[in-house]
Amino acid sequence: SEKWDQSYDVVVVGSGAGGLTAALTAQAKGLSVLVVEKSDKYGGTSAVSGGGIWIPCNDQMEGLGCPDSYVEARQYLDILTEGEVDSERLDAYIHRAKEMVTFLRERFNVRFRSIPIYPDYFPHKPGGKPGFRTMEPENFYADQLGEEYANQRPPYPATLLMGRMAMNQVDAHALLCKDKGWVWLFLKVMWNYWTDFSWRRKSKIDRRMTLGQAMVGSLRKAMLDHDVPLWLNTGLTDLIEQGGRVAGVRVSRNGQSMNIEARHGVVLASGGFEANQAMREKYLPAPTDTRWSVAPGINHGDGINAGLKLGAATRFMHLTWGCPSAVLTGGGPATGMFVERAAPGCMMVNSQGQRFVNEAGPYTEVVYSIYEDHQKTGGSVPCWLICDARFRKKFPLGPIMPAQLQPDRAIPKEWENEVYYKADSLPELAAKIGVDADGLLAQTARLNAMAERGVDEEFHKGENVFDRYYGDPTHKPNPCLGKIEKGPFYALRVTPGELGTKGGLDADARARVVREDGSVIDGLYAVGNCSAAVMGKTYAGPGSTLGPAMAFAYLAVEDIAENA
Ligand code: FAD
């Protein structure tokens, strides 16, 4: 039998939103708990994310005038998950996710607010909603973390105004789409930042935390308030079984091996395998490359592999939370393309110069379409976002801000002919990127004619409220469909990246890891991207990865507490 170096009721592996929620739930249930985190920063992908959580029937919807029901949410998820997800797991999510949100607010002051205008990704499908189900973290202020601030994974510069000032989802929409009052908002954000002299002496980055920073920051703050320990530089290397159950973990802490007992349960919250090229090649559709990932490159599938060694079943290993991405020169995570695809005056084409997808569609769907088209034509990896000077002026283009804010001369030199390409005419641009010029010209002519009529007969761009979320409301007749006609012309190189992988250990409605025969591995739980997604192949709405990660963390620890 093992010699334990330390002993806790619960050990949580990984410090993303799922892991931290599990730790707080354990604290509230009176269980002792330790979080082990492999990297030198806590927060994982969750810390660099948008921080949105998709919570059907959340307790703010009714008051905001958009009541939701189990029946609608279930109908919507049934259609989207196509029978591939366990019914009890879907039920657990719909019935209990909202309770997790209330619990975090009431018990730990970790706060989320419903976003009325952020639509489900398939709002036109039965049970879909035009907004309200997605919640975002309320503002949080970095000074509340004290010294621990230095240990939080910092935000991606692209999610900050000028790499400094924080925006929440509502601000970002207002600024990008120039909603009513956006100038005033811009000035307010600037003013608050530049007049915060005492904080700027400490950090270039805003004291105000938003998005994933606010989510992870407020969860960590609650842990600090209740003395819940978190060890950095401590990676799971193995699960330890004893007497037919998982009894603890072996970790490497600053290079030293240690055995930590988990008297009542181990919660794996160690993310997916997006940073592991060998696993990508084994499981994901080809071609695939870690460099296309929008995630921070920290998750190598350790939790999944540890579970596999104990005979756990896996599901959905071929799927990702796909997101088209632009790879930057010099390494680091790729930039996710969330916004610009929906704006009028751009199109995505393959090497024949042909469109193959509704550019404004949900990012995961766009990536599925890239692979489908690549299978047929061999010409979609990479593919290209094409636009003209008018588009370039007003809208972002991957990592490049609108020319109004970032003119061509302010783009890093080394990005030209790597990240993006530019030419005075479309045939010249086609030659530079190796795309068929005649095909590109013919497609552009078709797009321009459709833009005139405002109807995308090819792929229906702009036909639903989600497409139009990042459209240009001042652009008529279709806020998502515009002409490409005024040079110079631009092409952004687009790869089928992802926010994270979504296949992993098969878990039941209580997040207990199961074997192929459906039996439970006692003492072992999996949440977040190391578990098989409750969403199956789909992405129901903004927050469909973090919402489930946190909800199943809450349910996992509830099960642990009931059996402790
Ligand atoms: P993570 O948050 O990545 O946490 C896993 C942690 O485990 C990491 O800290 C890692 O270092 C650690 N770890 C790995 N191996 C070990 C080991 N062996 N031992 C110990 N620790 C280990 N999703 C949404 O729902 N809403 C959004 O708004 C949203 N926006 C996004 C924006 C961007 C730019 C990106 C990249 C992603 C976004 N996502 C969003 C996706 C979401 O962030 C991830 O799916 C989610 O964070 C996964 O959570 P997790 O807890 O499984 O993994």
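In case you missed it, the structure is sitting above this.
The following refers to the structure shown. Not measured: the values here are computed from a predicted model. (Residues numbered from 1 in each chain as written. Predicted model: local features only at pLDDT ≥ 70, side-chain atom pairs only at ≥ 80, totals over all residues. Heavy atoms only, no water.)

1. Points about the packing of helix α1 (residues 17-28) against helix α8 (residues 211-225)
Two numbers describe a pair of packed helices, the interaxial angle and the distance between the axes. Two numbers describe how α1 lies on α8: the axes approach to 10 Å, and their chain directions differ by 25°. In terms of their interaxial angle, α1 and α8 are classed as roughly parallel. At the point where α1 passes α8, the crossing takes the left-handed sense. Residue-level contacts link Ala 17, Leu 20, Thr 21, Ala 23 and Leu 24 of α1 to Met 215, Val 216, Leu 219, Arg 220, Ala 222 and Met 223 of α8. (Axes fitted to C-alpha atoms, helices over the stretch in contact; angles between N-to-C directions. Helix = DSSP H or I, 4+ residues; strand = E, 2+ residues; numbered from the N terminus. Parallel < 35°, antiparallel > 145°, perpendicular 65-115°, else oblique. Left-handed = near helix turned anticlockwise from the far one by under 90°. Contact = heavy atoms within 4.5 Å.)

2. Examining the packing of aromatic side chains
Taken as a whole, this structure holds 18 aromatic pairs when the rule is applied. Pairing Phe 273 with Tyr 283 gives two aromatic rings, centres 5.7 Å apart and planes at 55°, and the pair type is tilted. A residue pair is termed long-range when its members are at least 10 positions apart, and Phe 273 in the loop between β13 (256-268) and α9 (277-283) and Tyr 283 in helix α9 qualify at ten residues. Seen from their ring centres, Tyr 469 and Tyr 470 are 4.7 Å apart, and the 70° between their planes marks the pair as edge-to-face. With respect to class, Tyr 469 is no different from Tyr 470; both count as buried. Geometry around Trp 182 places Lys 178 over its ring, the cationic atom sitting 5.4 Å from the centre. We note Lys 537 situated over the ring of Tyr 368; from NZ or CZ to the ring centre the distance is 5.7 Å. (Phe/Tyr/Trp six-rings, centres within 6.5 Å; stacked < 30°, edge-to-face > 60°. Buried < 20%, exposed > 50% of the residue type's maximum accessible area, 1.4 Å probe, protein only. Lys NZ or Arg CZ within 6 Å of the ring centre and 35° of its normal.)

3. Overview of the site of the ligand
Around the ligand, a shell composed of 36 residues is seen, among which Glu 37, Thr 45, Ser 46, Thr 545 and Leu 546 lie nearest. One of the side-chain N or O atoms of Ser 46 is found 2.7 Å from an oxygen atom in the ligand. One of the backbone N or O atoms of Gly 52 is found 3.0 Å from a nitrogen atom in the ligand. Compared with its free state, where it exposes 1000 Å², the ligand has 97% of that area covered by protein. Every element with two or more residues in the shell around the ligand is listed here: α2 (44-48) and β11 (234-242). The residue makeup of the shell around the ligand, split by class, is ten nonpolar, 23 polar and three charged. (Near = heavy atom within 4 Å. Polar contact = N/O pair within 3.5 Å; in protein donor to acceptor, adjacent residues only side chain to side chain. Areas by Shrake-Rupley, 256 points an atom, 1.4 Å probe, with all protein chains shown as cover. Nonpolar A, V, L, I, M, F, W, Y, C, P; charged D, E, K, R; others polar.)

4. Concerning the nonpolar core
Ranked by internal contacts, the top residues of the largest apolar core, which has 81 residues, are Tyr 93, Leu 104, Leu 219, Val 267 and Met 550. The residue makeup of this core includes at least three contributed by each of domain 1 (9-158 + 212-235 + 261-319 + 502-564) and domain 2 (323-498). One finds Val 11, Val 251, Ile 260 and Val 513 within the second-largest nonpolar core, a separate group that totals 30 residues. (Core = buried A, V, L, I, M, F, W, Y, C linked by side-chain atoms within 4.5 Å. Domains from an automatic or database assignment.)

The quantities given are spatial measurements derived from coordinates; they are silent on function.
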